[in-house]
Amino acid sequence: MSIEKQLYVTIAGLPLSFDLHWPFHKSTSGADFWVLHGDIRVESAEGLHAPVAVNLSATVHEVMPSLEAKDVEGPVINALRKEVDKRQLEFLKSGKLVPVHFSSRYYDFKRNKWVFGKANDEDMGRLLARKIYWHHRRFASAAWIADPTEALYVETSAAHVLQVAQQLQKGGLVEMEGEFARAAAALLEQSATFEADARAALEELEKKHAFERG
C-alpha cells in the first residue's frame, strides 16, 4: 500500500496536516539560523490554518545529519505538533506568518535523542484511534501506523506502535493491512467522541489566544 497524505493528531485530539516547503534556507537577516516555511491545517475545521516559519537554531543544526527532509521532517512535524498542544499557535481562516523556534528544547543532549514526551500504551492507543478515524474521515484512506514520525512523537519504536495498533484490531476497532490500519465500523461508531475531542481542543486553543488579545 502506498503512503499518500499523512495526518497527525495532537495529544489533545486535534487532527493536523502539514505542508512544508522544503528546503531549509539560511536566514537573510544575518542571524545564525535556518528557515523553513510551511502551513499547518486543522482537518476537523474547514479553512483553519496557521502559516509558519520554522527557525532552526545553530545548536540544533549541529546535531542534524543534514537539513534534507529525510533527516529532519519528523522532528519538525513533532515540534510543531507540540507547539499546537501547548497552544502557542493560532489557527485562522486568513492567518499571518508565525515564527516558530525549532531549538534545543526538544533535544536531549545527554541521551543524544529527540524528546517530545513519552506515552503509555493507553495514551498511544487513543492517539492511534484518533489518527485512524481522521484518516478515514478526511482522506478515505488507511493510516500508516509504522510512520517513524509517530514513533518519535511518543518516544518508542515503530514496531511498538504497530503492537498497540494490533491491540486495537483485537478489540474490533481497526483492520490492519501490514503497516497500515483502516477504521472498522466499531471505531466509526465513536465519531461523536472524536469530533467532540477535536472541537474541545480547538476551543481551548482559541480561548487562550482570545485572552492574550484582550
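Just so it is clear, the model here is predicted, and its values are computed rather than measured.

1. Some words on the pattern of salt bridges
Right, on to step 1. Taken as a whole and judged by the stated rule, the model has 18 salt bridges.
Right, on to step 2. A salt bridge links D39 to R41, with the shortest nitrogen-to-oxygen separation between them at 3.2 Å.
Right, on to step 3. Residue classification places D39 among the buried positions, given a relative accessible area of 10%.
Right, on to step 4. Here R41 falls in the partly exposed class, since its relative accessible area comes to 39%.
Right, on to step 5. When the shortest N-O distance is used, the salt bridge between D197 and R130 registers 3.0 Å. With D197 in helix α7 (residues 191-213) and R130 in helix α3 (residues 121-139), this pair connects stretches of sequence that are 67 residues apart.
Right, on to step 6. D197 gets classed as partly exposed once you look at its relative accessible area, which sits at 23%.
Right, on to step 7. Owing to a relative accessible area of 7%, R130 belongs among the buried residues under this scheme.
Right, on to step 8. Residues joined by salt bridges that share partners form a network here, namely D108, R111, K113 and E155.

2. Brief notes about the packing of aromatic side chains
Two aromatic rings are characterised by how far apart their centres lie and by the angle between their planes.
Right, on to step 1. Under the counting rule described, the total for this entry stands at ten aromatic pairs.
Right, on to step 2. Here the aromatic rings of Y107 and W114 are separated by 4.9 Å at their centres, their planes lie at 80°, and the arrangement is edge-to-face.
Right, on to step 3. Given the relative accessible area of 10%, Y107 is considered buried.
Right, on to step 4. Ring centres 6.5 Å apart and planes at 35° place the aromatic pair F116 and Y153 in the tilted group. With F116 in the loop between β7 (113-114) and α3 and Y153 in helix α4 (residues 148-153), the pair connects residues that are 37 residues apart, well separated along the chain.
Right, on to step 5. In this structure an aromatic cluster arises from ring pairing among F102, Y106, Y107, F109, W114, F116 and Y153.
Right, on to step 6. It is K26 that lies over the ring of W34; its NZ or CZ is 4.8 Å from the centre.

3. A few points about helix α5 (residues 158-170)
Right, on to step 1. Its 13 residues give α5 an end-to-end C-alpha distance of 19 Å, which sits within 8% of 18 Å, the value for a rise of 1.5 Å per residue.
Right, on to step 2. Buried residues belonging to α5 abut α3, α4 and β9 (174-177).
Right, on to step 3. G172 sits one or two residues past α5 and shows a positive phi near 80°.

The rules we used
Residues numbered from 1 in each chain as written. Predicted model: local features only at pLDDT ≥ 70, side-chain atom pairs only at ≥ 80, totals over all residues. Heavy atoms only, no water. Salt bridge = Lys/Arg side-chain N within 4 Å of Asp/Glu carboxyl O. Buried < 20%, exposed > 50% of the residue type's maximum accessible area, 1.4 Å probe, protein only. Helix = DSSP H or I, 4+ residues; strand = E, 2+ residues; numbered from the N terminus. Phe/Tyr/Trp six-rings, centres within 6.5 Å; stacked < 30°, edge-to-face > 60°. Lys NZ or Arg CZ within 6 Å of the ring centre and 35° of its normal. Expected span 1.5 Å × (residues − 1). Contact = heavy atoms within 4.5 Å.

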